[in-house]
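# Fold and geometry: a report
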Amino acid sequence: MATVVAFHAHPDDEVILTGGTLARAAAGGHRVVVVTATDGRIQNDESGFRLDELQSSASILGVDRVECLGYADSGYGPLFYPDPPGRVRFGRADVEEAAQRLAAILGEEDADLLLSYPPNGGYGHRDHVQVHRVGKRGAELAATPRVLEATMPRELLVCIGHLARLLRLPAPYEPDVARTAYTPRANITHHIDVFRFARQKRDAFAAHRSQIGESGVGARMYGVLLRVPPQVFGLLFPREWFVDPALPAGAASRDIFD
């Protein structure tokens, strides 16, 4: 059996990008660890409930250990807030220092595999870009044998955006962001079937209630998704994707441990 450490920027990212894969690994008897760079708080006076939601999500997915590096959320968009008192926003954290924190966990776990992000952080969020930098360096420091970068097919996101606009629904990304987001399908090396773990992924996503919202079109759409039967949820989200930088583009692996 192997140990996989999934390194994410914020609570809830572990479900969106890797929830089914983590549940599949845990069901296979592998040890699963989730590390987030931030606790999801932008200001110090905000409640720490997002870490509670992360613990609930991790429990549903079968995760064995959850850790947070303790950085502040940098926020998304052009405005980069100053650091809150006593804490550093992850987007401007010293890469070497953060990588040492991550490497300590990788070393404690004797990790066989680190799940991280691609160089563009998926969609350009400064914390996600920093996850790539810190994850890459952390794996080097800990001599972790393999790194996979969690991603999505860029073409799929563009198609979803077109469909959402036709149906007058909120698109996940603006068109100019989607055109350069994540990874071209031809470069993806791992296509993971997570259909059997749809119930866990749906329920883990629902654990992050604070991110779903209570009103508006987006909240109603998420509410519908969380009420659909697991089989339907699995048909809507049947796969998760990764890139192994050490493999040639387009390699067709079906298991993260291949």
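A brief report on the enclosed structure follows. Quick caveat, the model's predicted, so the values are computed rather than measured.

### Some words on the overall build of the chain
Along the backbone of the chain there are ten helices and seven strands. For a compact globule of 258 residues, the expected C-alpha radius of gyration is about 18 Å, and the chain comes in at 17 Å, within 12% of that figure. Counting only C-alpha atoms and orienting by the principal axes, one finds that the chain spans roughly 45 × 45 × 35 Å. Partitioning the intrachain contacts of the chain with sequence separation of at least 6 by distance along the chain shows that 81% fall at a separation of at least 24. Taken as a whole, the chain presents about 11,900 Å² of accessible surface, with 55% of it coming from carbon and sulfur. Positive and negative side-chain charges of the chain, numbering 28 and 32 respectively, have mean locations separated by a distance of 7 Å.

### With respect to the packing of helix H1 (residues 13-27) against helix H7 (residues 198-206)
Axis separation between H1 and H7 bottoms out at 9 Å; the angle between their running directions is 140 degrees. Here H1 lies oblique to H7, going by the angle between them. Viewed along their axes, H1 and H7 form a crossing whose handedness is right-handed. In contact with Val15, Ile16, Gly20 and Ala23 of H1, H7 contributes Gln200, Lys201, Ala204 and Phe205. Looking at the contact of H1 with H7, its residues break down into five nonpolar, two polar and one charged.

### Concerning the sheet that holds strand E7 (residues 239-243)
Spatial strand order, E3-E2-E1-E4-E5-E7-E6: seven strands in an open sheet with mixed pairing. Of all strands in the sheet, those bounded by a partner on one side alone are strand E3 (65-71) and strand E6 (190-193). The average undirected angle you get between the axes of adjacent strands in this sheet is 25 degrees. With three bridges joining them, strand E1 (residues 3-8) and strand E4 (residues 113-116) adopt parallel strand pairing. Among the inter-strand pairings, alanine 6 is bridged to a residue of E4, identified as leucine 115. The strands that H1 touches are E1, strand E2 (31-38), E4, strand E5 (146-151), E6 and E7; relative to E7, the one it contacts most, it runs at about 95 degrees. Contacts between helix H4 (residues 126-142) and the sheet are confined to E1, E2, E4 and E5, with E4 contributing the most and set at about 160 degrees to the helix.

### A short note on the packing of aromatic side chains
Under the criterion given, the structure shown has five aromatic pairs. Each member of the aromatic cluster is reached from another via a ring pair, and the members are Phe7, Tyr71 and Phe90. In this structure, arginine 92 packs its charged tip against the face of phenylalanine 80, placed 3.9 Å from the ring centre. The side chain of arginine 126 reaches across the aromatic face of phenylalanine 80, ending 4.3 Å from its centre.

### Considerations on a nonpolar patch on the surface
Together, Val232, Leu236 and Phe237 give the surface a local cluster of nonpolar side chains, amounting to about 240 Å² of exposed area. You can see leucine 236 is positioned in helix H10 (residues 230-236).

### Some points on the pattern of salt bridges
Enumeration according to the criterion identifies 15 salt bridges in this entry. Linking aspartate 39 and arginine 87 is a salt bridge whose minimum nitrogen-to-oxygen distance equals 3.1 Å. Here aspartate 39 is found in the loop between E2 and helix H2 (49-61), whereas its partner arginine 87 is found in the loop between E3 and helix H3 (95-109), with 48 residues between them in sequence. Given a relative accessible area of 7%, aspartate 39 falls into the buried group. A salt bridge links arginine 65 to glutamate 109, with the shortest nitrogen-to-oxygen separation between them at 2.8 Å. Within this pair, whereas arginine 65 is found in strand E3, its partner glutamate 109 is found in helix H3, the two being separated by 44 residues in sequence. For the pair arginine 65 and glutamate 109, a shared accessibility class is recorded, and that class is buried. Residues joined by salt bridges that share partners form a network here, namely Arg31, Arg65, Glu67, Glu108 and Glu109.

Cut-offs used in this document
- Residues numbered from 1 in each chain as written.
- Predicted model: local features only at pLDDT ≥ 70, side-chain atom pairs only at ≥ 80, totals over all residues.
- Heavy atoms only, no water.
- Helix = DSSP H or I, 4+ residues; strand = E, 2+ residues; numbered from the N terminus.
- Rg over C-alpha atoms; globule rule 2.2 N^0.38 Å.
- Contact = heavy atoms within 4.5 Å.
- Areas by Shrake-Rupley, 256 points an atom, 1.4 Å probe, with all protein chains shown as cover.
- Lys, Arg positive; Asp, Glu negative; His and termini not counted.
- Charge placed at Lys NZ, Arg CZ, Asp CG, Glu CD.
- Axes fitted to C-alpha atoms, helices over the stretch in contact; angles between N-to-C directions.
- Parallel < 35°, antiparallel > 145°, perpendicular 65-115°, else oblique.
- Left-handed = near helix turned anticlockwise from the far one by under 90°.
- Nonpolar A, V, L, I, M, F, W, Y, C, P; charged D, E, K, R; others polar.
- Pairing = 2+ DSSP bridges.
- Phe/Tyr/Trp six-rings, centres within 6.5 Å; stacked < 30°, edge-to-face > 60°.
- Lys NZ or Arg CZ within 6 Å of the ring centre and 35° of its normal.
- Patch = residues over 30% accessible without salt bridge, like charges linked within 9 Å, V, L, I, M, F, W, Y side chains within 5 Å.
- Salt bridge = Lys/Arg side-chain N within 4 Å of Asp/Glu carboxyl O.
- Buried < 20%, exposed > 50% of the residue type's maximum accessible area, 1.4 Å probe, protein only.

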